Amino acid sequence: MGNDRSLRRVIKSKNTVLIAILAAVVLMFYLLNSNYLSGDNLRGVMQSMSITGIMAVGAACLLIGGGIDLATSMEALFGGVLCGLLIKAGIPWPLSVLLTLAAGGLIGGAVAYLVAHLGMMPFIASIALSNVIRGVNLVMTNAQNVPVPTEGFWVLGSSNVLNIIPTPFVIMLILLVIYGLVLHKTQFGRNIYLIGGNQFAARLSGLSPKKIRTILYVNNGVLAAFSGIVVASRMHSASPSSLSDSQMDAITAAILGGVSFMGGSGGMGGCLIGILLLNFFNNGLNVLSLESHWQTIAQGALLIAALTMDYFNEKSREKSLKAGAALKQ
Amino acid sequence: MEQYLEFTGIGKAYPGVQALRDISFRCDGGEVLALLGENGAGKSTLLKILSGDTRPDEGGIIIDGRPQQFSAPYDAIKAGVSVIYQERQLVPAMSVMENIFLGEQPKTSLGTIDKKALRQSTQDIIDKFGLPIRPDELAGRLSVAYQQMVEIMKAYRRNSKIIAFDEPTAPLADAEIAILFDLIRRLKEEGRIVLYVSHRLSEIFRITDKIAVLKDGRFVKYLTTSRTNEQELIQAMVGRDIGDTYANLRRNDKLGDVLLEVCNLETEYLRDVSFTLRRGEVLGLAGLVGAGRTEVARAIFGADAILGGEIRFEGEAIDFSEPKDAIEAGIALCPEDRKDQGLVLWRSIRENITMPVLGRIRKGLFLDRAAEEHLAEEAIAKYAIRTPSINKIVRELSGGNQQKVILGRWTNSKMTTKLLILDEPTKGIDVGTKAEVYQMICDFAGEGFGVIFISSELTEVINVSDRIIVMRNGRVTGDVTRREATEESVLALAMTD
Ligand SMILES: Nc1ncnc2c1ncn2[C@@H]1O[C@H](COP(=O)(O)OP(=O)(O)OP(=O)(O)O)[C@@H](O)[C@H]1O
Ligand SMILES: [Mg+2]
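Residues numbered from 1 in each chain as written. Chains lettered and ligands numbered in written order. Predicted model: local features only at pLDDT ≥ 70, side-chain atom pairs only at ≥ 80, totals over all residues. Heavy atoms only, no water.

### Things to note about the packing of helix H2 (residues 39–64) of chain A against helix H12 (residues 268–287) of chain A
Residues and elements named next belong to chain A. It is at 9 Å that the axes of H2 and H12 come closest, and there the two elements cross at 140 degrees. Considering the angle they form, H2 stands oblique to H12. Remark: the crossing between H2 and H12 carries right-handed chirality. In contact with Asn41, Leu42, Val45, Ser48, Met49, Thr52, Gly53, Ala56, Val57, Ala60 and Cys61 of H2, H12 contributes Met268, Cys271, Ile275, Leu276, Asn279, Phe280, Asn283 and Val287. Looking at the contact of H2 with H12 residue by residue, the class counts come to 13 nonpolar, six polar and no charged. (Axes fitted to C-alpha atoms, helices over the stretch in contact; angles between N-to-C directions. Helix = DSSP H or I, 4+ residues; strand = E, 2+ residues; numbered from the N terminus. Parallel < 35°, antiparallel > 145°, perpendicular 65-115°, else oblique. Left-handed = near helix turned anticlockwise from the far one by under 90°. Contact = heavy atoms within 4.5 Å. Nonpolar A, V, L, I, M, F, W, Y, C, P; charged D, E, K, R; others polar.)

Below is the structure:
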């Protein structure tokens, strides 16, 4: 069908715009500081982006399904701390990792319970829970870092694939591919789009919005905990309070990548671009050694830009479709 | 000065469709002009251009001899145009008077809103129309019909000389339609220009003076209502003669055993509802808007909780907690409200059609894309959905075509439905396709399944159903066969307590 192609082209063209912006950002910082694209710096960006990236995968799925969890980065810190403590208590590290992932899932389930079953507003429920988790993290650790001297454990965060690409980055890519397949090819993935698009219609069509959304919250908790584990593995120590100023990073990355704040649209391709964009931007500010307060301002501005883009995206889908058809003719 | 509205050479393209092409015609003050055409013919698009909501690619609008340039709805309102869409535009959390005077509320000398003047002016307008509405009532609390009246009063207050209605009667019951028509006649007597879109031909003959027929985005015919008839209109609209819809229906007369038995059903809205449906039967549910017909459907389908009584399906008592279980048992409900309950507007036709049967079109872990596309193509052919592609986003279809997508979903060939419940299935659908829908209903019953057919259009329920249950205020007030039923008798049952 002729129109299929034009539709695909539009989707591509949306990502094309994002890629162009990404290229512009990278070029700009490169011109400002030629070290920006050095191998060492690139590996650094890959390292740090995989942390937000792994979280962004869960956050994006959740957003598509019409949910949101503002406690995600607290869940990540919790994951790192818990895993560190378990290893310190003598539990073999692979088992500690699994237990921590399960605990992350439980926290996600708690958010789901408040939101999907008790009907609380996701923003409020997850912010409240975020404070609880922050407190728990500090109590568990006495507000001290938890060193993790187990060398085996370091492999998740500190090793390289083929001696050059950071392992976490590869893990992130694999996750993006798997979740991309799930979203676009499977029934469960389709269900996520449908409940995010109109949960009432979805329920009347035999879907279970509550159940699906619960799974998405649990999944988000597991991935958050995993990203915290990766940080701990890379730092060889778990901190109860770092990362917290990147509270919104995962969500920002997803929305930058075209996942709609309103639910029902977006995908992993865009999500990857969003992750790249956010991290190259943040890293660029670092490389310029801008004062950190200014960095905070710039990051806030980027989030606003992302939300604005989302707004225009919703409104202008009609327009972009038209552009797509015009291209074809 | 002479009042008139003229469209000159209007053209408008959307991706893959030329929605309007060189539309030119004129409408005079004191006239009601019907805009007629099949689903997707371009009627709503023309009204959106008139209201400044959409800009035409070509052509323009002339009002009283002056060419107009509307770049936003505000310009159109200033030029004296009000368009009343099918979806209400009122602010539900505001009172009637605030809605009517939205943006132009009378001020006191201190600059605050002069509530007293506001209330008085609103009451004056309400009295003029003779309606039982209070100025302080919240708009969201009013019935759909009265909300529409408030919109008309708003247009009246703005002193709009052009008032257009897009399928205003779709959500209304007959009594309410009578009130609406009185209002329209009043507007006409005052010399205003009224544009009227509807798929119900009987209304066109009741209320309009002139008829402009659109087909595939073109202007094909201009007629004077008093000098034409239904055949000629249908011929112009559809391009062929479809004959007498009801007489031509191939019905099923072989009834089987009892398929569904509803005994003393009670829910939040229903009291003591009982009826039976046999295999091969089309059971109509008639009643005024709010009589509880939709609630009966939702209770059977597991969408609302059952508080008392029993429902037996194929001899077994059922009480589904989720629609999912009902679908698995072989019950399908095509819901009434297409925007809220029916469609996922931002997703494609294909995705909307396969929603309830995704589990049946899997190939291993993945969805079978080819099977999915096949189902969508089938529905498009079956209901003549006008679209350039199965991947078009449903939001961009015309109203009637959206309705056809929902029908296509609930009657797709992967469904294993034994009881099909259709709640206002022909809402906004054109005459040609209506006949197809009626035939689909009869054929479905003919295969030994059951159909519950809910409709507010009396003629249609009475003529398509084998038996008609009449409801009022959550109770059953009548149970008549097609042979016994007349519009008067059913209406009487729908209004008696
Ligand atoms: N926003 C849009 N984007 C793309 N196509 C559109 C859009 N709005 C309308 N169309 C297309 O324009 C054509 C005319 O639509 P329109 O809504 O005017 O039909 P209509 O005559 O009002 O039909 P109905 O009787 O079903 O309401 C249709 O083919 C429709 O798909
Ligand atoms: Mg329309």
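Once you've had a look at it, read on.
### Section: the interface of chain A and chain B
Taken residue by residue, the interface counts 30 residues in chain A and 44 residues in chain B. When chain A packs against chain B, the two sides together hide about 3100 Å² of surface, and 56% of this comes from carbon and sulfur. In this assembly, chain A and chain B are joined by three salt bridges. Residue Glu351 of chain B is joined to Arg190 of chain A by a salt bridge in which the shortest nitrogen-to-oxygen separation is 3.5 Å. Put simply, chain A and chain B have ten residue pairs in polar contact (both at pLDDT 80 or more) between them. Going through the elements one at a time, helix H1 (2–32), helix H8 (187–197), helix H9 (199–204) and helix H13 (292–328) of chain A are the ones with two or more residues in the side of chain A that touches chain B. Taken together, the residues of the side of chain A that touches chain B sort by class into eleven nonpolar, eleven polar and eight charged. (Buried area = accessible area lost by both parts, 1.4 Å probe. Salt bridge = Lys/Arg side-chain N within 4 Å of Asp/Glu carboxyl O. Polar contact = N/O pair within 3.5 Å; in protein donor to acceptor, adjacent residues only side chain to side chain.)

### Comments concerning the sheet that holds strand S11 (residues 258–266) of chain B
Residues and elements named next belong to chain B. Across the sheet, four strands lie side by side as S12-S11-S14-S15; this open sheet has antiparallel pairing. Each edge of the sheet is formed by a strand with only one pairing partner; in this case those strands are strand S12 (273–278) and strand S15 (316–318). Adjacent strand axes in the sheet meet at a mean angle of 20 degrees when their direction is disregarded. The pairing of strand S14 (residues 308–313) with S15 spans three bridges and is antiparallel. (Pairing = 2+ DSSP bridges.)

### Some details on the side chain of Gln147 of chain B
Residues and elements named next belong to chain B. Within the secondary structure, Gln147 sits in helix H5 (residues 144–157). One polar contact links the side chain of Gln147 to the main-chain carbonyl oxygen of Leu142, over a distance of 3.1 Å. For Gln147, the residues in contact, after removing those within four places along its chain, are Arg88, Leu90, Ala139, Gly140 and Leu142.

### What about the site of ligand 1?
Surveying the vicinity of ligand 1 reveals 21 residues, the closest of which are Ser44, Thr45, His199, Ser398 and Gly400 of chain B. The environment of ligand 1 is shared, with nearby residues belonging to chains A and B. Asn39 of chain B is positioned such that a nitrogen or oxygen atom in its side chain is 2.9 Å from an oxygen atom of ligand 1. Between an oxygen atom of ligand 1 and a side-chain N or O atom of Thr45 of chain B, the distance comes to 2.5 Å. Contact with the protein chains removes 96% of the 640 Å² of surface that ligand 1 exposes when unbound. Among the secondary structure elements, those contributing two or more residues to the shell around ligand 1 are strand S2 (17–28), helix H1 (43–50) and helix H14 (399–410) of chain B. Among the residues making up the shell around ligand 1, the classes are represented as five nonpolar, ten polar and six charged. Here the shell around ligand 1 spans two domains, and each of domain 1 (4–238) and domain 2 (258–494) of chain B adds at least three residues to it. (Near = heavy atom within 4 Å. Areas by Shrake-Rupley, 256 points an atom, 1.4 Å probe, with all protein chains shown as cover. Domains from an automatic or database assignment.)

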